[in-house]
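# Fold and geometry: a report
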Amino acid sequence: ITNGASDDIVQQMVAGYDMGAFESSSEELGSELITNGTFDSDISGWTPYAESRGDVLYSNGRLKIDNTTGTGNQIAKINASFTSGKVYKISFDYYHVSGSTSSTINLFLGTADQIIVSITSGQTTTAYMTAGADRTTFMIGYGGGAVYELDNISVKEVLQSEVSDTHPAIID
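Residues numbered from 1 in each chain as written. Predicted model: local features only at pLDDT ≥ 70, side-chain atom pairs only at ≥ 80, totals over all residues. Heavy atoms only, no water.

## Some points on the overall build of the chain
As a reminder of what qualifies: Counting from the N terminus, the helices are the DSSP runs of H or I reaching at least four residues and the strands are the DSSP runs of E reaching at least two. Working rule for contacts: check all heavy atoms of both residues, and any pair within 4.5 Å makes them a contact. Each accessible area is a Shrake-Rupley estimate made with a 1.4 Å probe; only the visible protein chains count as cover when residues are assessed.
Along its length, the chain carries two helices and twelve strands. In the chain, the succession of α and β elements from N to C terminus is α-α-β-β-β-β-β-β-β-β-β-β-β-β. Taking the contacts inside the chain whose residues are at least 6 apart along the sequence as the reference set, 69% of them involve residues at least 24 apart. Of the roughly 8,300 Å² of accessible surface on the chain, a fraction of 45% belongs to carbon and sulfur atoms.

Structure representation (structure tokens):
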């Protein structure tokens, strides 16, 4: 951390946007881009990034990632379309099950656009991310010998955000 900035502020600015500016404003969002983010009956559409890294499973209405069964660092992916330069609102619920814990998780649009956000077990996390180019997948996860579950994964384009004078509005 440089210039005395707190970890929280740096985390919020990691994607180039002050998350607080969005969260305190009214947003107009596009339609849901994740076809199965609630896992009501299965994890259809979701696959492991690499089979050898661990398991991506269905577990009682959640997507479960088990990094203890392979080489670790497994992430789950699903096909979804993202447009270069557009901002996306990402939210999900995170639950630690066993093994090592992490205070962060990786979010990807494609394989090149990545941000790292703070997580707390049992809570909803929200982040904003910009697509650096047109992308066709969304990925989420972290490694380190952990078993954890995700639910209510949502990704929507931010069409408009009315924010204060110090933060420009994003308009499609």
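## A short note on the sheet that holds strand β2 (residues 47-48)
In plain terms, the rule: For two strands to pair, DSSP has to find at least two bridges joining them.
As summarised here, the arrangement of the five strands in space is β2-β5-β10-β7-β8, forming an open sheet in which the pairing is antiparallel. The open sheet is flanked by β2 and β8 (113-118), the only strands paired with a single partner. Relative to β8, strand β7 (residues 104-109) runs antiparallel, the two being bridged by six bridges. By the bridge assignment for β8, Ile105 is matched with Val117.

## Observations regarding the side chain of Gln74
As a reminder, the rule being used: Whenever a nitrogen or oxygen atom comes within 3.5 Å of another N or O atom, the pair is scored as a polar contact, on the condition that within protein one atom can donate a hydrogen and the other can accept it, and that pairs from neighbouring residues in sequence are kept only if both atoms are in side chains.
Looking at the secondary structure, you find Gln74 in the loop between β4 (62-66) and β5 (76-82). In terms of polar contacts, Gln74 uses its side chain to reach the backbone carbonyl oxygen of Gly54, at 2.9 Å.

## Some details on the environment of Thr104
Note that Thr104 resides in strand β7. Each C-alpha atom of the pair Thr104 and Ile115 lies 9.9 Å from the other, and the pair is eleven residues apart in sequence. Apart from the residues within four sequence positions on either side, Thr104 is in contact with Ile116, Val117, Ser118, Ile119 and Tyr142.

By themselves, these are just geometric observations and shouldn't be taken as functional.
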